[in-house]
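One-letter residues, chain by chain:
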Amino acid sequence: MQKKKVLVWETLATVSGGQKMTLTVMDMLSDKFEFYCLIPAEGMLSEELKKRNIPYTLMGNQTLPTGVKGKQVIFRYGWMSAKNVRKSLSVIRKYNPDILYAPGPAALPWSAVCGTLSRKPVIWHLHHIFLDGATKKLLNLCGNWKSVRKIIAVSGCVGDQIVNEHAHEKVRVLYNPVDVEKYANGDAKKIIAELEAKLGRKLWRAKIVTQIGAITRNKRQDVLISVISNLKNLGEDIVGLIVGDTVTATDRIFRRELEQRIEDCGIQSQVLWMGFRSDIGNILAATDCVLVPSEEGLSLVAMEAMSAKRHVVTMNSSGAYELLNHAGCGTFYEGNNESSVIEAVKRVLEIPNAEELERGYAFCMKQTSANFKNKITYLFLNVQSSKGGLRV
């Protein structure tokens, strides 16, 4: 049987959580579908596509600041949208895909427009909590169009952002899968040896608090720095690991701010920049606590940490909170409350809860790739028969 064609939008050239999930989806569906990708530039993502022999077109820079959008950003997005839709339609005419798939936030409206003009069914895959009211309104408007047939949400709180009645009928909550074995059998000794070499001292009794993710303002690495500084001042032997790197020029400015804060707090010997890593299982094995201080749609890092039987601390809202509540584990703090997050991390380090770790691990064991593959394959195979929403 001939494979169906899927056109995929990705708006970042790197490989972070969202791009990992896009690659996973394409790998899972490769027996029944073939893919063509629209990406901004050459980079880590294009290298992964080359490994899979997936063709792609470069669309140019599509980076927008996170959070609330000002007028200048809105005008820039309008210009970017016109340019992207025109180029995307050209690719659609040449490639003639059966399905349009948009997991990148900025590309969600573009895919709806292209789907409407080309009469192609569209699948959205929502990963984010959208902090900007204008963005939510735009997605609810476009999500109501007939071209958007399915809206996959990585958590209930992500799906609940689609409040338009007809658009919400298209929402299907599908938790991301996790490769438990990949993270459950890490080698802590390798990381401890690396840390001791970088710090020039032995870590006999030191506790390690880790944050994993791209270094960008909405990921809130500043919270980790605050935690490490305060725990050090309380006399704790503590080390903080920042795993990830910058993507944009704005991110690099943010990193310099973090570096200055580390220097001001006098914790240069307590915080290590680890960069992008492929050995996350080893890092988690050496970690006592994983901090997730950002507004996540669904934290892949939290699932990886649970797979490694590591404690996770996150705020009492967003997708990470929903995920950990479902799993029956996790320690929570009040958002934007410095003393609350410090107390939460301190409590986890002082009184580890083995039963809680087992519950988190058991939950992840159920989030198998096989189960996820069956569900998402069904959605893709049946998207063309899906109806509903506003006809435009």
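None of the values given here were measured: they were computed from a predicted structure. (Residues numbered from 1 in each chain as written. Predicted model: local features only at pLDDT ≥ 70, side-chain atom pairs only at ≥ 80, totals over all residues. Heavy atoms only, no water.)

*Asks:* Help me out: how do you make sense of the packing of aromatic side chains in this one?
*Replies:* What characterises a pair of aromatic rings is the spacing of the ring centres plus the angle enclosed by the ring planes. Tallied over the entire structure, the rule returns 5 aromatic pairs. Taken together, a centroid distance of 5.6 Å and an interplanar angle of 70° make the contact between phenylalanine 33 and phenylalanine 380 edge-to-face. In this pair, phenylalanine 33 is assigned in strand 2 (residues 33–39) and phenylalanine 380 in helix 17 (residues 369–381), connecting sequence segments 347 residues apart. As far as burial versus exposure is concerned, phenylalanine 33 and phenylalanine 380 are alike and both buried. Consider the rings of tyrosine 101 and phenylalanine 380, whose centres lie 5.3 Å apart with planes at 65°: the pair is edge-to-face. Here phenylalanine 380 lies in helix 17 and tyrosine 101 lies in strand 4 (residues 99–102), a separation of 279 residues in the sequence. Considered together, tyrosine 101 and phenylalanine 380 belong to a single accessibility category, that of buried residues. Through a chain of ring-to-ring contacts, three or more aromatic side chains come together here, namely Phe33, Tyr101 and Phe380. In this structure, arginine 255 packs its charged tip against the face of tryptophan 273, placed 4.1 Å from the ring centre. (Phe/Tyr/Trp six-rings, centres within 6.5 Å; stacked < 30°, edge-to-face > 60°. Helix = DSSP H or I, 4+ residues; strand = E, 2+ residues; numbered from the N terminus. Buried < 20%, exposed > 50% of the residue type's maximum accessible area, 1.4 Å probe, protein only. Lys NZ or Arg CZ within 6 Å of the ring centre and 35° of its normal.)

*Asks:* I keep staring at the environment of phenylalanine 130 and nothing clicks. Help me out?
*Replies:* On the secondary structure map, phenylalanine 130 appears in the loop between strand 5 (122–126) and helix 5 (133–143). Phenylalanine 130 sits in the buried class, given a relative accessible area of 10%. As for phenylalanine 130 and glutamine 268, which are separated by 138 residues in sequence, their C-alpha atoms are 34 Å apart. Sequence-distant contacts of phenylalanine 130, defined by excluding residues within four places in its chain, comprise Pro105, Leu108, Thr135, Lys136, Leu139 and Gln161. (Contact = heavy atoms within 4.5 Å.)

*Asks:* How should the side chain of glutamine 221 be read in this particular structure?
*Replies:* As for its position among the elements, glutamine 221 is in helix 10 (residues 221–233). Taking relative accessible area as the criterion, glutamine 221 reaches 1% and is therefore assigned buried. If we ignore the near neighbours within four places in the chain, the residues touching glutamine 221 are Gln211, Gly213, Ala214, Ile215, Thr216, Ile242, Phe254 and Leu258.

*Asks:* Where do I start with the pattern of salt bridges in this structure?
*Replies:* When their charged atoms lie close together, side chains carrying opposite charge are able to pair. One pass over the structure, following the stated rule, counts 18 salt bridges. Note that glutamate 48 and arginine 52 form a salt bridge whose closest N and O atoms lie 2.8 Å from each other. Judged by relative accessible area, glutamate 48 falls into the partly exposed class, the value being 22%. Two residues, glutamate 194 and arginine 277, come together in a salt bridge whose shortest N-O distance is 2.8 Å. Taken together, the residues span a long stretch of sequence, with glutamate 194 in helix 9 (residues 188–199) and arginine 277 in the loop between strand 10 (271–275) and helix 12 (280–285) at a distance of 83 residues. Looking at glutamate 194, the relative accessible area reads 22%, which means it is partly exposed. On the basis of relative accessible area, arginine 277 is assigned to the partly exposed category, the value being 23%. (Salt bridge = Lys/Arg side-chain N within 4 Å of Asp/Glu carboxyl O.)

*Asks:* Before we go on, may I ask you to explain helix 5 in this structure?
*Replies:* Along an α-helix, residues three or four apart share an orientation, since each turn contains 3.6 residues. Taken residue by residue, helix 5 has Thr135, Leu139, Asn140, Cys142 and Gly143 as its buried positions. For helix 5, the elements touching its buried residues are helix 4 (107–118), strand 5, strand 6 (148–153) and helix 7 (165–168).

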